There are 2 protein chains.
Amino acid sequence: MAKKDLMTPPSVEQLVDLLRQLPGVGPKSAQRMSLHLLHKNREAAAALGHALLQAVNTTRSCKKCNGLAEQDICMVCLDNTRDTGVLCVVENPADMLAIEATGTYRGLYYVLMAKYAPLDGVEPQGLGFNRLLERVQDSLVTEIILATNFTNEGEATAFFLQQRLKPLGLRVSRIARGIPIGAEIEYIDPSTVARALLDRQKIKLTD
Amino acid sequence: MAKKDLMTPPSVEQLVDLLRQLPGVGPKSAQRMSLHLLHKNREAAAALGHALLQAVNTTRSCKKCNGLAEQDICMVCLDNTRDTGVLCVVENPADMLAIEATGTYRGLYYVLMAKYAPLDGVEPQGLGFNRLLERVQDSLVTEIILATNFTNEGEATAFFLQQRLKPLGLRVSRIARGIPIGAEIEYIDPSTVARALLDRQKIKLTD
């Protein structure tokens, strides 16, 4: 590898190493990206550098929901057309955006800062759970939708939350599991098919 | 889309737009990357921002080969253990790194700043061709290896270069086309198989 180090200027090596930390970027893509930026599109490289620093400097976590915000409170929490009675608990801001992209949810959100992952040493107290409880008790929330992922950790988090929320007498729901729209059942994993059968919805027959 | 704009802080939107300009990054990956950086790894975001600006500020094109360098002349051109008699012409610095990674080539390089693409308005004079000619005439080069890609544009560039280099009386070669190592012939496109047959290499029989 000494030969490669000799070839690549140190500032480029450092850039490649940092690009590799992006999700889904391997060593080959990181190299391709850095050469693209420095060889073909230096203006874009500088613009991206400035945009990263600006985003780091101007964004913070919303004090109410933990989502990304440029002020103390994010634009969703500030939006007074939202239904303040429903709170959707998600694992991260990307999930929040995915739900928002449906255009069908008009309630508020709470972004857990981590998921319950005892194997990784992330215990429930690290989830910002007390802040969620305060958030629920200080507000008009009557229903909590648990929208953590259907992974082991997301399920454990949802289970943990539902137990703690039970004494508060709120309506607690979990987003539905089942066959994705557009999917063919033969290609879906058995546990999802089993769940889709178990959670079957009664069809109202019309004449 | 107005709803989405409301959701995402402007500095994050800008970051997503710039990340999308990276090769191989679509809208979904760009969003995932930006949320990963701003939500989970803000130190990495700041480090990447600084690294981009530093790389833009410290790197330039090598005055001899056009490769990426931190001084006027890159480390390959400065390396006096290199064979100055052979010059490998490539389309971009990534190709140079790919050849360098083989560890088998000890000559020098010349990076074309563009490929011959008449349909995109890139005419041969834009290829830095005169600089390549000067480079060849001022030096000890006796063989030129044309290592442009086997795309239409790369082939056109190689053809154009070989015609212009002919009068100089140098040995001009083209890297070999054929079946990639590890590949199965039945999955290779017909024109590559045809070329592999045409360019078959005589085997020296030993007893």
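Everything in this summary refers to the structure shown in the same document. Everything numeric here is computed off the predicted structure, so don't read it as measured data. The numbers attached to residues start from 1 for each chain and follow its sequence in the written order. Think of it this way: whatever chain is written first is A, whatever ligand is written first is 1, and the rest follow in order. In keeping with the model being predicted, local features are shown solely for residues with a pLDDT of at least 70 and side-chain atom pairs are shown and tallied solely at 80 or more, while totals for entire chains, interfaces and linings include all residues. Side-chain numbers come from the whole structure's heavy atoms, not from hydrogens or water.

## Things to note about the nonpolar core
Here is step 1: Throughout, nonpolar core names a set of buried Ala, Val, Leu, Ile, Met, Phe, Trp, Tyr and Cys residues whose side chains join them through atoms within 4.5 Å. Each residue's exposure class comes from its accessible area (1.4 Å probe, protein chains only) as a fraction of the maximum for that residue type: buried when under 20%, exposed when over 50%, partly exposed otherwise. Grouped together as the largest cluster of nonpolar side chains are 112 residues, with contacts concentrated most on Leu 48, Ile 144 and Leu 161 of chain A together with Leu 48, Ile 144 and Leu 161 of chain B.
Here is step 2: The element contributing the most residues to this core is helix α4 (residues 42–58) of chain A, with nine residues. In this description a helix means any DSSP run of H or I spanning at least four residues, a strand means any run of E spanning at least two, and both kinds are numbered starting from the N terminus.

## Some words on the interface of chain A and chain B
Here is step 1: What makes two residues a contact is simply this: any of their non-hydrogen atoms within 4.5 Å. The partner chain B presents 60 residues to the 60 residues of chain A that form the contact.
Here is step 2: In short, buried area is how much 1.4 Å probe accessible area vanishes from two parts on joining, totalled over both. Across the interface of chain A and chain B, roughly 5,700 Å² is buried in total on both sides, 74% from carbon and sulfur atoms.
Here is step 3: N or O atoms closer than or at 3.5 Å make up a polar contact, with two conditions inside protein: a donor-capable atom paired with an acceptor-capable one, and, for residues adjacent in sequence, both atoms drawn from side chains. Inspection of the chain A/chain B interface yields eight residue pairs in polar contact (both at pLDDT 80 or more).
Here is step 4: Breaking the side of chain A that touches chain B down by element, the ones donating at least two residues are α1 (2–7), α2 (10–19), α3 (27–40), α4, β2 (68–69), α5 (75–78) and α6 (93–100) of chain A.

## What to know about the sheet that holds strand β3 (residues 86–90) of chain B
Residues and elements named next belong to chain B.
Here is step 1: The strand order across the open sheet formed by four strands is β4-β3-β5-β6, and the pairing between neighbours is parallel. Edge positions in the open sheet fall to β4 (108–111) and β6 (171–174), since each of these has one partner strand only. Pairwise comparison of adjacent strand axes, ignoring direction, gives a mean angle of 25° for this sheet.
Here is step 2: Alignment of β3 against β4, held across four bridges, turns out to be parallel. Considered in β4, the bridge of Leu 87 is made with Leu 108.
Here is step 3: Together, β3 and β4 form the strand contacts of helix α6 (residues 93–101), whose direction differs from that of β4 by roughly 160°. Being paired, for any two strands, means DSSP has found at least two bridges between them. Interaxial angle, 0 to 180 degrees, is taken between N-to-C directions of lines fitted to C-alpha atoms, where a helix line uses only the stretch in contact.

## Observations concerning the packing of aromatic side chains
Here a ring pair, both rings aromatic, is described through the centre-centre distance and the interplanar angle of the planes.
Residues and elements named next belong to chain A.
Here is step 1: Only centres within 6.5 Å qualify two rings of Phe, Tyr or Trp (six-membered ring in Trp) as a pair; their planes then separate them into stacked at under 30 degrees, edge-to-face at over 60, and tilted for everything else. Enumeration according to the criterion identifies two aromatic pairs over all chains in this entry.
Here is step 2: With 5.2 Å between their ring centres and 65° between their planes, Tyr 105 and Tyr 109 make a pair best called edge-to-face.
Here is step 3: Overall, Tyr 105 belongs to the buried group, its relative accessible area being 12%.

## Side note on the relation of the copies chain A and chain B
Each copy of the chain is related to the other by a rotation around an axis and a translation along that axis.
Here is step 1: At an RMSD of 0.1 Å, chain A and chain B line up after a rotation of 180° and a shift of 0.0 Å along the axis. Viewed as a symmetry operation, the transformation between the two copies matches a two-fold axis. Among all residues of chain A, the minimum C-alpha distance to the rotation axis is found for Gly 49 of chain A, at 2.0 Å.
Here is step 2: In this assembly, 100% of the residues forming the interface of chain A have copies in chain B that are likewise at the interface, indicating an isologous arrangement. Overlaid copies result from least-squares superposition on C-alpha atoms, with residues included only where pLDDT is at least 70 in both.

## Section: the sheet that holds strand β6 (residues 171–174) of chain A
All names here are of chain A.
Here is step 1: The strand order across the open sheet formed by four strands is β4-β3-β5-β6, and the pairing between neighbours is parallel. Sheet topology places β4 (108–111) and β6 at the edges, where each strand pairs with a single neighbour. When strand polarity is set aside, the average angle formed by the axes of neighbouring strands in this sheet is 25°.
Here is step 2: Docked against the sheet, helix α7 (residues 129–137) engages β3 (86–90), β4 and β5 (143–146), running at close to 160° with respect to β4.

## Structural notes on the environment of Leu 108 of chain A
All names here are of chain A.
Here is step 1: With respect to the helices, strands and loops of the structure, Leu 108 is situated in strand β4.
Here is step 2: Residue classification places Leu 108 among the buried positions, given a relative accessible area of 4%.
Here is step 3: Remark: the alpha-carbon pair of Leu 108 and Cys 88, spanning 20 residues in sequence, is separated by 6.2 Å.
Here is step 4: Setting aside chain neighbours within four positions, we find Leu 108 in contact with Val 76, Cys 77, Arg 82, Asp 83, Thr 84, Val 86, Leu 87, Cys 88 and Arg 135.

## Here's the deal with the pattern of salt bridges
Here is step 1: Any carboxyl oxygen of Asp or Glu that lies within 4 Å of a side-chain nitrogen of Lys or Arg is treated as forming a salt bridge with it. Scanning the model with the defined rule gives 16 salt bridges over all chains in all.
Here is step 2: Measuring nitrogen to oxygen at the nearest pair gives 3.9 Å for the salt bridge that ties Arg 106 of chain A to Asp 79 of chain A. On the criterion of sequence distance, the pair formed by Arg 106 of chain A in the loop between α6 and β4 and Asp 79 of chain A in the loop between α5 and β3 is long-range, its members being 27 residues apart.
Here is step 3: Relative accessible area serves as the criterion here: at 30%, Arg 106 of chain A is assigned to the partly exposed category.
Here is step 4: Taking relative accessible area as the criterion, Asp 79 of chain A reaches 17% and is therefore assigned buried.
Here is step 5: A salt bridge links Arg 177 of chain B to Glu 155 of chain B; the shortest N-O distance between them is 3.1 Å. With Arg 177 of chain B in the loop between β6 and α9 (190–198) and Glu 155 of chain B in helix α8 (residues 152–165), this residue pair connects regions lying 22 residues apart in the sequence.

Note that all results are geometric; they support no functional claim without further evidence.
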